[in-house]
Amino acid sequence: MGYLRRLIGAATDFLIPPKCLLCSASMKIGDPHAICEPCTEAFERFEPPWCPRCGNPFHSLSALVHSPAHVCADCLESGHHFDMARAIGAYEDSLREAVHLFKFGGFTKLAREFAPHLAELAAEEFGVDENAGNVLVTHVPIDHARWRTRGFDQAMLLALITAECLGKPHADLLERAKKTRSQTGLSARERRRNMRGVFRVRPTGALHELEAATCILVDDVVTTGSTASACARELKKAGAEAVHLLTICRS
């Protein structure tokens, strides 16, 4: 069956050569990518200096001259429960368009475009590689209404393929315990309040592996970090030693 699918896919590519989802440029027959190389290279990636905790870029090095471990004002005020957070880039321009196609357009194959970059970030910033010890990759779960509307959980797809790239196990550790109102338009304080009691750790077979583990928490976009912080809090309550947030974009 798998061979037949590949054969049909190759025949389709031959008759209708694939095009880049962002710029519509023709791509080589058999190219496994959904976005062309120039578009991928055009993604605006974050560069240091950034907050060592949340990864939010600083505008200059001056804040770090006398205090290399200096964290941003948001981290000092909000007290996130995750240990570190990193994103590929800002939620704007072509990266934003690609996330929209993935999240709202149903182009799930884009998960394989983002996951290698997320895995590279995890290796560079969190020290997660094939030699790292007890590491679990998990994700921020969407609510059931969004799942029914979209037909998939974009964070779960990202986490599954990122785990594959890292050579680490994925565990479906979290679930939503109650519905929440939309976070859109809420202040940072209101977002934190809105997330209280929303998540809980699932009673899964992987739960015993959570003890003293480093969890890589995957999501598509982070805004204030309140949702990820609520997830990290529950994971640590269940025994995780550290929780690092990994996202495509920071809004």
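This text follows the structure it describes.
Residues numbered from 1 in each chain as written. Predicted model: local features only at pLDDT ≥ 70, side-chain atom pairs only at ≥ 80, totals over all residues. Heavy atoms only, no water.

> Help me understand the packing of helix H5 (residues 111–126) against helix H7 (residues 154–166), please; the structure alone is not making it clear to me.
Between two packed helices, what matters for the description is the angle formed by their axes and the separation of those axes. Where H5 meets H7, the axes come as close as 8 Å, and the angle between the chain directions of the two elements is 55°. Judged on the interaxial angle alone, H7 and H5 are oblique. In this structure, the crossing between H5 and H7 has a hand that is right-handed. Here Ala111, Arg112, Phe114, Ala115, Pro116, Leu118, Ala119 and Ala122 of H5 lie close against H7, whose contacting residues are Leu157, Leu158, Ile161, Thr162, Glu164, Cys165 and Leu166. Tallied by class, residues from the contact of H5 with H7 come to twelve nonpolar, one polar and two charged. (Axes fitted to C-alpha atoms, helices over the stretch in contact; angles between N-to-C directions. Helix = DSSP H or I, 4+ residues; strand = E, 2+ residues; numbered from the N terminus. Parallel < 35°, antiparallel > 145°, perpendicular 65-115°, else oblique. Left-handed = near helix turned anticlockwise from the far one by under 90°. Contact = heavy atoms within 4.5 Å. Nonpolar A, V, L, I, M, F, W, Y, C, P; charged D, E, K, R; others polar.)

> So what exactly am I meant to see when it comes to the environment of Phe199 here?
Along the chain, the position of Phe199 falls in strand S4 (residues 199–201). Here the alpha-carbon distance between Phe199 and Ala230, two residues 31 residues apart in the chain, equals 7.0 Å. The residues contacting Phe199, other than those within four sequence positions of it, are Val140, Pro141, Glu175, Arg176, Ala177, Thr227, Ala230, Cys231 and Glu234.

> Would you explain H7 in this entry?
The periodicity of an α-helix, 3.6 residues per turn, causes residues three or four places apart in sequence to face the same way. Taking 1.5 Å per residue, 13 residues should reach 18 Å; H7 reaches 18 Å between its end C-alpha atoms and fits that length. Regarding H7, the residues found buried are Gln154, Ala155, Met156, Leu158, Ala159, Ile161, Thr162, Ala163 and Leu166. Measuring from the backbone nitrogen of Ala155 back to the side-chain oxygen at the start of H7 gives 3.0 Å, which picks out Asp153 as the cap. Directly after H7, the chain includes Gly167, whose backbone phi takes a positive value near 70°. (Expected span 1.5 Å × (residues − 1). Buried < 20%, exposed > 50% of the residue type's maximum accessible area, 1.4 Å probe, protein only. Polar contact = N/O pair within 3.5 Å; in protein donor to acceptor, adjacent residues only side chain to side chain.)

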